[in-house]
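# Descriptive structure summary
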Amino acid sequence: MNIRRLAAFAAATIMIAACGSNNSDSATTKAPAASTAGSTAGSTAASGGTASATAPGKGATTIGFIFVGPKDDFGYNQAAYAGSQAVAKAHPDIKVLTAENVPEDDNATRVMEKMIADGATIIFATSYGHLDPALKVAAEHPEVAIVQQGNFIKGTIAANVGTYFGTVYEPVFLAGIAAGAATTSNKLGYVYAFPIPQTIANINAFELGAKLVNPKAETYVVNTSSWCDPAKQAEAASSLFAQGVDVITQHQDCTATITKAAEEAGKKVVGYHADASSLAPNGWVTGSEWAWADVYNDIVDTTVAGGFTGSKYNANYRVGYKDGKNPFVQSKYGPSVTDATKAKIADELKVISTTGSPFTGPILAQDGSTLFAAGDAPAYADIESKNTAFVQGVVGAIPAG
Amino acid sequence: MTAIVEGLPAPQREREKFDVREWFDKLSGIARIAVSLIGALIIFGVIMRLKGANPLTAYHDMLSSTFKSWDSMGDILVRATPIILAALAVSVPARAGLINVGGEGQLLMGGVAGMGTSLALGTRLPGTVTLVLMILAAALAGAAWAALAAVLRQFMGISESVTTLLLNYVALDIMFFLIYDRWKDRSGSGQPTSRALPVGQRLPLLFGRVHEGILLAVGAAVIIGLIFAFTSWGFRLRVVGGNAEAARRSGLKVGALLISAMAVGGALAGIGGLTQLAGAEFKLRSGFVAGYGYIGFLASWLGRHRPGYVVLSALLLSTIVIGGDSLQIDSQLPAASVNVLMAVTLLMVFGFGRKKAVSA
Amino acid sequence: MSLLSEVLTGGIRGGTSIEYAALGESVSERAGVVNLGTEGSMLMGALAAYAVASRSGHPWLGVLGAAIAGGLLALVHAYFVLSRKANQLATGLVVLFLGLGLTSLFGVDYVQALAPTFRPIALPGLSRIPFLGGIAFKQDPLVYMSYVTVPVMWWFIFRSRWGVLLRAAGERSEVLTTHGHRVIPIQYISVVVGGMFAGIGGAHLSIAYTKSWFENMTQGRGFVAVAVVMFAARQPFKVAAGAYLFGAALALSPALQARGYGINQFALDAIPYVVTILVLVALGKRRSGEIPEGLSKVFEAPTLG
């Protein structure tokens, strides 16, 4: 009985497999092309150019947003989700689809494909690691505009993709000033997830800001290898406190744990991603938080009007204090920040709004080599790629890589 | 939840419900599974209602969006490919009475070996040749990883279910170690990944996003089915699985059979990891095959370790995963809903899909 | 603080949630039932603790809620395994998915909520003991409760009448039957109690260690607990030691990093698992005598051939 059933199934399967192989012969020739597009969309970029009737995302009626974490993480994803809802509010005629917990792998491809099947012609891929799948999907759907939040496309940029981000290190630099003024042990702590260029730029900016008002300030760094593992965050925070760190900050997606750990330990905390001052009424210094609504809405408006290709969003768009409204804004001050510190920060805000960044040379790396040469005032687009090492004053090593 | 609490074996209640149970016990296999699945849908419908969604609309959206296009149905096959192979990796040892909880680790080792082969050979050889070597390497790595557990059982008396589970974590740390360090793509974006496989070393596409891995998976199921049915090795495995002591007395080399069963299972999972690498991901990254090994384990149990049913089970679970996209995109339910749906479905089928059987 | 004392302190702090879950799993396994859904019970406990503490304002009520929630999920496992005779390992995995899904589904509201939490308290006198005092006696109340739980559980398993029944249910169920005891109810109770402890482990994670709720915040610690039980052969004191070993391995990486060392922590992360396998190898066949019979059917392999 069993064997007979099995044999019947086997026969059927072989037939299916055989048909499959036949198909595959013809598909094999086609496959490399598709795969090429999948992996290195940048280099096989479409000529793009003029916005024709098929301008990507033109007249979009549906927009998709994907988030790597839960949309209520009190951090990065929640801010992006809030941005998506601002788009929905400002465009009542447009349907906004959202998907949370979308991993940074092939699953993201699938979810974006589903959104496109549901009619989406603009997609926001909001996590750093969503870039590969975003490029893959974009290559297969030239009619869909896909923008990715925070990563950087290398090489040629296809007509329907782009990245966007704030110059996150700018408010972090300003917060570093407050941290440098607040510390009494001269030891600052920084809990981060992965040694990606964005994070390294943040850590460097934080230390540079602190050193501006407190030459003895050092930043101790610990990575958790996870965007959100609360227990690892708790342990990282206590390790830093054990080293005498009295002001802590972080680059994590979910931010509540470290904020509360600092408050309970009587330490000070600089926020990231979200205003968490309510969690640390005493220890809150200041921080940085997202205000995505304007950027998202502008991307949507530009694209819906048919102007995506060739626009500033069809590139690695970075907006900072110098050339526009940074979507990453400074959070409010806590009770311990003095007026003098606030004034100093206001001054520095003016300075970097003129020079364009806190990374004005000369800046030395940990090992004494030059990271930014004297007179070097790097453009936004170059800052992340040039932050290849920790600056002097950062204590800790970048994990091998 | 309520349904489960009501089912508690309080003596009086048991008598009251006796009729229902008798009726249920008389149903044939297929009907029982159908009733179990419907029960699962009802329970999950109640949960959706609690979260403010309309279950009927949600189910409708799920079905219509999943089976709307060849592409989304293709996604089921893409998702099912590594799960089928991971499930077969459980089925083969299970025939010999072994429990392989290590599909996750074996998938990972397959992916690691495949990537390692590609990195070592570069583009020296033609892509297809490299791809074949990668498949072999993946099979060997998966086999070795699984056989390690069988050897420890054979010579040290340590349960393979314990060691395979522990080895999952070791495998994960090995992959992490490599992609954070030796294999990290220096020209990449900073997140830990290996470099992408060169185009020629990828599995060709059949249609849409469906790659030839599905042929490997289904082909493997067919071959395993034939081996079970027609070879003496398949027969011996079943004898060992039935009564190892008797098998030993009748002169079978039990140890060799157990180790070979585990190795074959591991090889299948290794290939499964490779299909995911060379067919869908092209890079090793931190979430590589995360959870597929465990879902494969469940698929094997759902299909009662019979290759044909195992394939169907893997397809069912993949369909739930793909359908889960609709739950959040169309019905605005949290992403985690799909876990509840999958759990409720499996519990119902495990618990009620057959007559109370002896647990293995 | 020296590196050693910092890692040991962190080992206890980070290991306690694993310890509770592993103690619970020991009870369950002693009765012959493996529960891979321990991770799910931890998640249920973590959320319930945070939610109840947040609503009621009392962390201890949160612990109670955690035990109930963890026990309820384990009850699902018990029902399907004991009453429906489903496979233990497969059911356990499914129960894990269920716990993960339910807590994510219903935990959304508590990510931003504030809740009263446990804080470290230096025990008078004891915390002054050189070296040990700073490590073991400047911890939170749930850690202190675990210090009491371990010997109590040891006494319970090996010295109490209930312990005899428990072990008999797993080791020699036919003896129980001859003496007029029903095996299934004992197993039910054991599995549920196991889940309750896992729930308390989750509570430690949410309202003592991290002071926050976040979906899937256990990140595999429930599986670690199952591994610890294997490592410890279901003996409470060894369970505690194993849990602290895992905790210390987790604490080592940040402690080294905060001192400026760059390390690839994944080599460290693998150590506890490899050590567990080595311990099992070292214990080898000697152990086989003390394995519950009911368990050996699902989980242990007699050496063959």
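Residues numbered from 1 in each chain as written. Chains lettered and ligands numbered in written order. Predicted model: local features only at pLDDT ≥ 70, side-chain atom pairs only at ≥ 80, totals over all residues.

Across its full length, chain C holds 13 helices and 2 strands. Computed over C-alpha atoms, the radius of gyration of chain C comes to 19 Å, within 12% of the 19 Å expected from 2.2 N^0.38 for 305 residues, which places it in the range of a compact globule. With the C-alpha coordinates of chain C rotated into their principal frame, the extents come out at 60 × 45 × 40 Å. Taking as baseline every contact in chain C between residues at least 6 positions apart, the subset at least 24 positions apart corresponds to 77%. (Helix = DSSP H or I, 4+ residues; strand = E, 2+ residues; numbered from the N terminus. Rg over C-alpha atoms; globule rule 2.2 N^0.38 Å. Contact = placed C-beta atoms within 7 Å.)

Turning next to the overall build of chain B. What chain B contains, in helices and strands, is 16 helices and 2 strands. In terms of C-alpha radius of gyration, chain B reaches 22 Å, essentially the compact-globule figure of 21 Å for 360 residues. For the C-alpha atoms alone, the extent of chain B along its principal axes is close to 70 × 60 × 35 Å. By the burial criterion, 62% of the 360 residues in chain B qualify as buried. Summarising the internal contacts of chain B: among those between residues at least 6 apart in sequence, 78% fall at separations of at least 24. (Buried ≥ 20, exposed ≤ 12 C-beta atoms within 10 Å, placed from the backbone.)

This next bit is on the sheet that holds strand β5 (residues 161-166) of chain A. Residue and element names in this part refer to chain A. Taken in spatial order, the 6 strands line up as β2-β1-β3-β4-β5-β11 in an open sheet, and their pairing is parallel. The open sheet has two free edges, formed respectively by β2 (95-99) and β11 (316-319), since each of these has just one partner strand. The average undirected angle you get between the axes of adjacent strands in this sheet is 20°. Summarising the sheet, strand β1 (residues 62-66) and strand β3 (residues 122-125) pair through 4 bridges and their orientation is parallel. Considered in β3, the bridge of I63 is made with I122. Here helix α3 (residues 106-117) sits on the sheet in contact with β1, β2 and β3, set at roughly 165° to β1. (Pairing = 2+ DSSP bridges. Axes fitted to C-alpha atoms, helices over the stretch in contact; angles between N-to-C directions.)

Bringing the environment of B:G291 into the picture now. Residue and element names in this part refer to chain B. Structurally, G291 is set in the loop between α13 (254-281) and α14 (292-302). The partly exposed category is assigned to G291, around which 14 C-beta atoms lie within 10 Å. A sequence separation of 208 residues divides G291 from I83, and the C-alpha atoms of the two residues are 9.5 Å apart.

Glancing now at the interface of chain C and chain A. Counting from both sides, the interface comprises 29 residues of chain C and, opposite them, 33 residues of chain A. Examining the composition of the side of chain C that touches chain A, we find that 6 residues originate from one element, helix α11 (residues 236-258) of chain C, more than from any other. Broken down by class, the residue content of the side of chain C that touches chain A amounts to 13 nonpolar, 11 polar and 5 charged. (Nonpolar A, V, L, I, M, F, W, Y, C, P; charged D, E, K, R; others polar.)

So, on to the packing of helix α3 (residues 59-83) of chain C against helix α9 (residues 183-209) of chain C. Residue and element names in this part refer to chain C. It is at 6 Å that the axes of α3 and α9 come closest, and there the two elements cross at 140°. It follows from the interaxial angle that α3 and α9 lie oblique. Like other packed secondary-structure pairs, α3 and α9 cross with a definite hand, here right-handed. (Parallel < 35°, antiparallel > 145°, perpendicular 65-115°, else oblique. Left-handed = near helix turned anticlockwise from the far one by under 90°.)

Okay, helix α6 (residues 141-159) of chain C next. Across its 19 residues, α6(C) extends 26 Å between first and last C-alpha, which sits within 8% of the 27 Å expected from 1.5 Å per residue. Packing partners of the buried residues in α6(C) comprise α1 (3-30), β2 (138-139), α9 and α11 of chain C. (Expected span 1.5 Å × (residues − 1).)

We now examine the pairing of strand β10 (residues 284-290) of chain A. In regular strands, side chains alternate between the two faces of the sheet. All names here are of chain A. When you tally the buried positions in β10, you get 7 out of 7 residues, the bulk of the element. Pairing geometry for strand β9 (residues 268-271) and β10, over 2 bridges, is parallel. For V269, the partnering residue across the bridge sits in β10 and is W284. For β10 and strand β12 (residues 328-330), the ladder comprises 3 bridges, and the chain directions are antiparallel. Within β12, the position partnered with W290 by the bridge is F328.

All names here are of chain A. With respect to burial, helix α8 (residues 256-265) is a largely interior element, 7 of its 10 residues being buried. Those residues of α8 that fall on the buried side of the exposure criterion are A256, T257, I258, T259, K260, A261 and A262. Among the structural elements, β6 (187-192), α7 (230-242), β8 (247-251) and β9 are those in contact with the buried residues of α8. One or two steps after α8, the chain reaches G266, where phi turns positive at roughly 75°.

Of all hydrophobic cores here, the largest spans 364 residues; its most connected members are B:L88, B:L298, C:V94 and C:V228. Sort the elements by how many residues they give to this core and α13(B) lands first, with 16 residues. Both of domain 1 (62-166 + 292-319) and domain 2 (169-289 + 329-395) of chain A provide at least three residues apiece to this core. Sequence-distant contacts of C:V228, defined by excluding residues within four places in its chain, comprise C:I18, C:A22, C:V239, C:G242, C:A243 and C:F246. (Core = buried A, V, L, I, M, F, W, Y, C linked by C-beta atoms within 7 Å. Domains from an automatic or database assignment.)

Residues and elements named next belong to chain B. Where helix α15 (residues 307-329) contacts helix α16 (residues 337-352), the axes come no closer than 9 Å and their chain directions differ by 145°. Crossing hand, α15 versus α16: right-handed. Contacts from L317, I320, V321, G324, L327 and Q328 of α15 reach α16 at S337, V338, L341, M342 and T345. Residue classes in the contact of α15 with α16 are distributed as 7 nonpolar, 4 polar and no charged.

On to the pairing of β3(A). Judged by which residues are buried, β3(A) turns out to be covered on both faces: A:I122 and A:F124 on one side and A:I123 and A:A125 on the other are all buried. Read from β3(A) through helix α4 (residues 131-140) of chain A to strand β4 (residues 145-149) of chain A, the crossover connection turns out right-handed. (Right-handed = clockwise from strand over helix to strand, strands pointing away.)

What follows covers the confidence of the model for chain B. Model confidence for chain B is summarised by a mean pLDDT of 88, while 91% of its residues fall at 70 or above. Averaged pLDDT values over the elements of chain B bottom out at 40 in helix α1 (residues 2-6) of chain B and peak at 97 in helix α7 (residues 103-121) of chain B. (pLDDT = per-residue confidence, 0-100.)

Here we take up the sheet that holds β12(A). Residues and elements named next belong to chain A. The mixed open sheet is built from 7 strands, whose spatial order is β12-β10-β9-β8-β6-β7-β15. Two strands in the sheet have a free side with no partner beyond their single neighbour: β12 and β15 (394-395). Note: β6 against β8, 5 bridges, orientation parallel. Bridge assignment links G189 to a residue of β8, and that residue is I248.

Moving on to the confidence of the model for chain C. Low-confidence regions, as indicated by low pLDDT, have predicted coordinates that should not be scrutinised in detail. Residues and elements named next belong to chain C. With 92% of its residues at a pLDDT of at least 70, chain C reaches an overall mean of 89. Segment residues 298-305: pLDDT under 50, and 23 contacts once partners within four positions in sequence are set aside and those in other chains are kept. Taken together, the chains of this predicted complex give a pTM of 0.87 and an interface ipTM of 0.88.

Right, let's talk about unusual backbone geometry for a bit. Glycine aside, negative phi is the norm for most residues, and most peptide bonds take the trans geometry. The amide bond that connects A:G361 to the next residue, A:P362, takes the cis arrangement and shows omega of 0°. Here A:P362 shows up in the loop between α10 (339-355) and β13 (363-364). The backbone phi angle of C:N216 is positive, close to 55°, even though this residue is not glycine. Tracing the sequence through the fold places C:N216 in the loop between α9 and α10 (221-232). Residue C:N216 is classed as buried on the basis of its 21 C-beta neighbours within 10 Å.

On the secondary structure map, B:I99 appears in the loop between α6 (70-95) and α7. With 202 residues separating them in the primary sequence, B:I99 and B:W301 have C-alpha atoms 11 Å apart. Every residue in contact with B:I99, bar those within four places of it in the chain, is listed here: B:A94, B:E160, B:S161 and C:L89.

Mapping A:N204 onto the fold places it in helix α6 (residues 197-213). Looking at A:N204, the number of C-beta atoms within 10 Å reads 31, which means it is buried.

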